[in-house]
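# Structure at a glance
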Amino acid sequence: MYFIEQMTQNEIAEVLGIGRVSVVRMLAEARTRQEVKISIEAELTEIIRLERELEKRFGLDEAVVAPISDATADPISVIGAATGGYLSKAMMSGMSVGVGWGRTLSSSIAYIRARPLDDFKAIALLGGVGIARDFNPPEFAWRFAQIFKGDGYLIPAPAVVDSVETKRALIERCGLNDVLAMAEALDAVVVSVGDIDSVTTFYRGGYLCEKEREELAAKGAVGDLLFHFFDSDGRLVDHEINDRGMSVEIACLRKAPLRILTSGGAEKIQALRGAMQLLGPTVFITDEHTARALLKG
């Protein structure tokens, strides 16, 4: 009556002699039992246009643009859903995948289709052990590995240390060389970016103090990629904190044939422009409002 005959819920209630609330419940149950499936057949032509323009502008192999109804809404959930859908198809047996962290990547977990993959490895690209949060590197890396029944490899160190000497000692004397060596031959990387001005993951987590943030901004930093702070032209800024991050080097990330950058939001436009040049992603996943803003510049 409802889906085929196009009757209203009130009309159905009268015919069946039940309350309208019961009709609503029955329709919801039918969807839950998958007796009713709804699909959208019309092409989202504007979304497709944005994807093709992003690919042309930034030299991408593929752009994925997620629709979002409210320009002022936080786009993380829709970007996360699009990222999860893409990763569900892109991950294959035998792959070694380097993964970053952040709210966007964490939100994608719920949308990745779980399936076992043979000889699948997920390698954390950044330290962060010691702070238990939903969006820290160990959390995302091991959950990502679990989804595909693979092995997860972590960098058992803080995200940033107090000196270059400490970093060198951790790498050379504490067994981090093995994990970093794995990052030299990745099949894919999956990363997001943070911006320098707003309260990003690093800033929230206490990894970056206000004095350091101001110094970085004064040197032209617009964002960070795995604690590598860069300017709008994609060049690493001259600041000692770039040498203290316990993360894989950018040159190493660029060796991966599949480089997936997923991020969005009005505050990240400059950071994303810089990241396009710094990382050279092959795949970019974002929302439609971020896509339009990127194409305006």
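Quantities reported herein were computed from a predicted structural model and do not represent experimental measurements. (Residues numbered from 1 in each chain as written. Predicted model: local features only at pLDDT ≥ 70, side-chain atom pairs only at ≥ 80, totals over all residues. Heavy atoms only, no water.)

Another point: the pattern of salt bridges. Side chains that carry opposite charge are capable of pairing whenever their charged atoms lie near each other. For the structure shown, the criterion picks out 19 salt bridges. Arg244 is the salt-bridge partner of Glu240, the closest N and O atoms lying 2.6 Å from each other. You can call Glu240 partly exposed: its relative accessible area is 42%. One network of salt bridges, with partners in common, ties together Glu46, Arg49, Glu53, Glu288 and Arg292. (Salt bridge = Lys/Arg side-chain N within 4 Å of Asp/Glu carboxyl O. Buried < 20%, exposed > 50% of the residue type's maximum accessible area, 1.4 Å probe, protein only.)

Attention now goes to the environment of Ala293. On the secondary structure map, Ala293 appears in helix α13 (residues 288–296). The class for Ala293 is partly exposed, based on a relative accessible area of 25%. Once residues lying within four places of it in the same chain are set aside, the contact partners of Ala293 are Ile269 and Arg273. (Helix = DSSP H or I, 4+ residues; strand = E, 2+ residues; numbered from the N terminus. Contact = heavy atoms within 4.5 Å.)

Taking 1.5 Å as the rise per residue, helix α3 (residues 45–58) with 14 residues should run 20 Å; its terminal C-alpha atoms sit 20 Å apart, in good agreement. Turning to α3, its buried residues number three or more, namely Ile47, Leu50, Glu51, Leu54 and Glu55. Buried residues along α3 cover an arc of 135° about the axis, so they all sit on one side. Exposed side chains of α3 directed beyond 90 degrees from the buried face belong to Thr45 and Lys56. (Expected span 1.5 Å × (residues − 1). Arc of directions from axis to C-beta.)

Even without being a glycine, Gln6 presents a positive backbone phi close to 60°. As for its position among the elements, Gln6 is in the segment before α1 (9–16). Not every positive phi belongs to a glycine, and Lys149 is a case in point at roughly 55°. Counting through the fold element by element, Lys149 comes out in the loop between α6 (137–147) and β4 (151–153).

This paragraph deals with the environment of Arg244. Among the secondary structure elements, Arg244 is positioned in the loop between β8 (228–230) and α11 (250–253). Residues Arg244 and Val161, 83 residues apart in the sequence, show an inter-C-alpha distance of 5.5 Å. In this structure Arg244 touches Ala159, Val160, Val161, Asp162, Ser163, Val164, Lys167 and Glu212, once residues within four positions along its chain are discounted. A distance of 2.6 Å separates a polar atom in the side chain of Arg244 from the backbone oxygen of Val161. (Polar contact = N/O pair within 3.5 Å; in protein donor to acceptor, adjacent residues only side chain to side chain.)

Where nonpolar side chains cluster on the molecular surface, the patch consists of Met1, Val15, Leu16, Ile18 and Met26 and spans about 410 Å² of accessible area. Secondary-structure assignment places Met26 in helix α2 (residues 20–32). Accessibility expressed as a relative area gives 41% for Met26, which makes it partly exposed. (Patch = residues over 30% accessible without salt bridge, like charges linked within 9 Å, V, L, I, M, F, W, Y side chains within 5 Å. Areas by Shrake-Rupley, 256 points an atom, 1.4 Å probe, with all protein chains shown as cover.)

So, on to the nonpolar core. Here is a general trend for soluble globular proteins: nonpolar side chains tend to be buried in one another's company. Counting residues in each nonpolar core, the largest one holds 54 residues, and the members touching the most others are Leu54, Leu225, Phe229, Leu253 and Leu261. Of all the elements, helix α12 (residues 269–279) adds the most residues to this core, at seven residues. In this view, Leu225 contacts Val191, Ser192, Val193, Phe230, Ile250, Leu253, Leu278 and Leu279; residues no more than four positions away in its chain are not counted. If you look at the next biggest cluster of nonpolar residues, it comprises 30 residues, including Ile79, Met91, Ala141 and Ile147. (Core = buried A, V, L, I, M, F, W, Y, C linked by side-chain atoms within 4.5 Å.)

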